[in-house]
Amino acid sequence: MKIGLIGGTALEHLSLHQPQRQLVQTPWGEPSGPLVSGWLEGGEVVYLNRHGEHHSIPPHRVNYRANIHALHQQDVEAIVALNAVGGITDAMTPGALVLPHQLIDYSWGRAHTFSDGGGMPVQHVDFTYPYDENLRARVLKVARVAGLELIDGAVHAVVQGPRLETASEVLRMERDGCDIVGMTGMPEAGLARELAIPYVSIGLVVNPAAGKSSRLITLEEIGEVMTAAQPRLLALIRALCADLAD
C-alpha cells in the first residue's frame, strides 16, 4: 500500500530509501512543496511538508486542496497526517501521542472543498466519522505491537492560527468536548474524504493549551518536547509503513 505522509517540523528527520523529489502541479495550484517519494521499512511513501521546506507557510495559507490533490495524483491509498497540538484535557500531556476519533472545525475562510469549480461535481460527503476507522484500527494495532503508547481517541479542535488561543477560547473548546487543539487538521480531513482517500491524524501534544498551565507557552519549550518525542513518532511511522507493506 502506498501511503501519503503529511507533516512538518516533527518529521524533518524522516529518512527515505531511494528518495525522489518531484515538483507537481494540480488543478488547484501548487502544493506546499515538492513531493518526496521513497521507501520506508519496505513500504512505499510519498511525503509532503504542509508548511513548506522552510516552514514559511502559516496554517491559514496552506493550499490544502493542492496538497491533498497532489497526493491523489500519486495514487496514494491512505494518508497519515502528523499534527502538533495543544493538550486541553488532563490526559493530553506534553509528549503524548494521540489518535483522534472526532473533530470540531473552528477555522474559517479556508478553501475547504473540491466542489468549487475545476470541473468537480458538487458532493455532500458523509463526515459523521472524519477519520477512517479501518486505518485507525491498523495504527492502533501497530502501536500496540511495537510497544508504543498511543492514546486511542480524542476530539480535535481545529482553529485558524497562526496565533495561539486565549484561555477563554480553550475553556469554550473544553465545554464543547474537545481534548486537543491544533491549526492544520481541517480542511485536510474533509478534502481526503471527498477524494475517498482513507485519512487519519496522529497528534503530538507539544504544550498544555492556553490557561491549562500556570506558565505561558514558549516556542522553546515546544521545540524541546518535539525533539524528545521525535524518536517515538518516527518509530511509529516506521512500524506502520512496515505493516502496510505487508
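## A look at the nonpolar core
Part 1: Core analysis: the largest hydrophobic core is formed by 34 residues, its most contacted members being Leu5, Leu14, Val80, Leu150, Ile202, Leu236 and Ile237.
Part 2: Going through the elements one at a time, β1 (3-7), β3 (35-40), β4 (43-49), β5 (78-87), β6 (97-99), α2 (133-146), β11 (199-208) and α5 (219-245) are the ones with two or more residues in this core.
Part 3: The element best represented in this core is α5, accounting for 10 residues.
Part 4: Sequence-distant contacts of Ile202, that is, excluding residues within four places in its chain, are made with Val80, Ala81, Leu82, Asn83, Val98, Leu99, Val139, Leu233, Leu236 and Ile237.
Part 5: Of all hydrophobic cores here, the second largest spans 27 residues; its members include Leu48, Val62, Ile68 and Leu195.

## Some words on the packing of aromatic side chains
Part 1: Summed over the entire model, instances satisfying the criterion amount to 2 aromatic pairs.
Part 2: Ring centres of Trp28 and Phe114 lie 5.5 Å apart, and the angle between their planes is 50°; on these two criteria the pair is classed as tilted. You can see Trp28 sitting in the loop between β2 (17-22) and β3 and its partner Phe114 sitting in the loop between β7 (102-105) and α2, a full 86 residues away along the chain. When sorted by exposure, Trp28 lands in the same class as Phe114, which is buried.
Part 3: Relative to Tyr199, the ring of Tyr131 lies with its centre 6.3 Å away and its plane at 15°, an arrangement referred to as stacked. Remark: Tyr199 occurs in strand β11 and Tyr131 occurs in the loop between β7 and α2; sequence separation between them is 68 residues.
Part 4: In this structure Tyr199 comes out as buried when scored by relative accessible area, which is 2%.

## Let's talk about unusual backbone geometry
Part 1: Omega for the peptide link from Gly161 to Pro162 comes to 0°, which places this bond in the cis form.
Part 2: Considering the arrangement of structural elements, one finds Pro162 in the loop between β9 (155-158) and α3 (167-175).
Part 3: Residues Met186 and Pro187 are joined by a peptide bond in cis, for which omega reads 10°.
Part 4: Mapped onto the secondary structure, Pro187 falls in the loop between β10 (180-182) and α4 (188-194).
Part 5: Not every positive phi belongs to a glycine, and Asp75 is a case in point at roughly 65°.
Part 6: Along the chain, Asp75 falls in the loop between α1 (64-73) and β5.

## Notes on the packing of α2 against α5
Part 1: Contact geometry of α2 with α5 gives a least axis separation of 9 Å together with a crossing angle of 115°. With respect to their mutual orientation, α2 and α5 come out roughly perpendicular. Once α2 is placed against α5, the crossing between them reads as right-handed. In contact with Arg138, Val139, Lys141, Val142, Ala143 and Ala146 of α2, α5 contributes Leu236, Ala239, Leu240, Asp243 and Leu244.
Part 2: Each residue belonging to the contact of α2 with α5 can be placed in one class, and the counts come to 8 nonpolar, no polar and 3 charged.

Conventions we followed
- One numbering rule holds for all chains: residues counted from 1, following each sequence as written.
- Side-chain atom pairs in this predicted model are given and counted only at pLDDT of 80 or more, local residue features only at pLDDT of at least 70, and totals for whole chains, interfaces and linings cover all residues.
- As a rule here, side-chain values come from all non-hydrogen atoms in the structure, and water together with hydrogens is ignored.
- Take the buried Ala, Val, Leu, Ile, Met, Phe, Trp, Tyr and Cys residues and link them wherever side-chain atoms come within 4.5 Å; each set so joined is a nonpolar core.
- Any residue under 20% of the maximum accessible area for its type is buried, any over 50% is exposed, and the rest in between are partly exposed; the area is computed with a 1.4 Å probe on protein chains only.
- Each helix corresponds to a stretch of at least 4 residues labelled H or I by DSSP, and each strand to a stretch of at least 2 residues labelled E; elements are numbered beginning at the N terminus.
- Contacts are assigned to residue pairs with any non-hydrogen atoms lying within 4.5 Å of each other.
- Pairing of aromatic side chains here covers Phe, Tyr and the six-membered ring of Trp, requires ring centres within 6.5 Å, and sorts the geometry by plane angle: under 30 degrees stacked, over 60 edge-to-face, intermediate tilted.
- Geometry is summarised by axes, namely lines fitted to C-alpha atoms with helices restricted to the contacting stretch, and by angles between N-to-C directions that run from 0 to 180 degrees.
- Should an angle lie under 35 degrees it is considered roughly parallel, over 145 roughly antiparallel, and from 65 to 115 roughly perpendicular; all remaining angles are considered oblique.
- Left-handed is the label given to a crossing in which the near helix is rotated counterclockwise from the far helix by less than a right angle, and right-handed is the label when the rotation is clockwise.
- Under the scheme applied here, ten amino acids are nonpolar (Ala, Val, Leu, Ile, Met, Phe, Trp, Tyr, Cys and Pro), four are charged (Asp, Glu, Lys and Arg), and all others, including Gly, are polar.

All quantities given are derived from atomic positions and should not be read as evidence of function.
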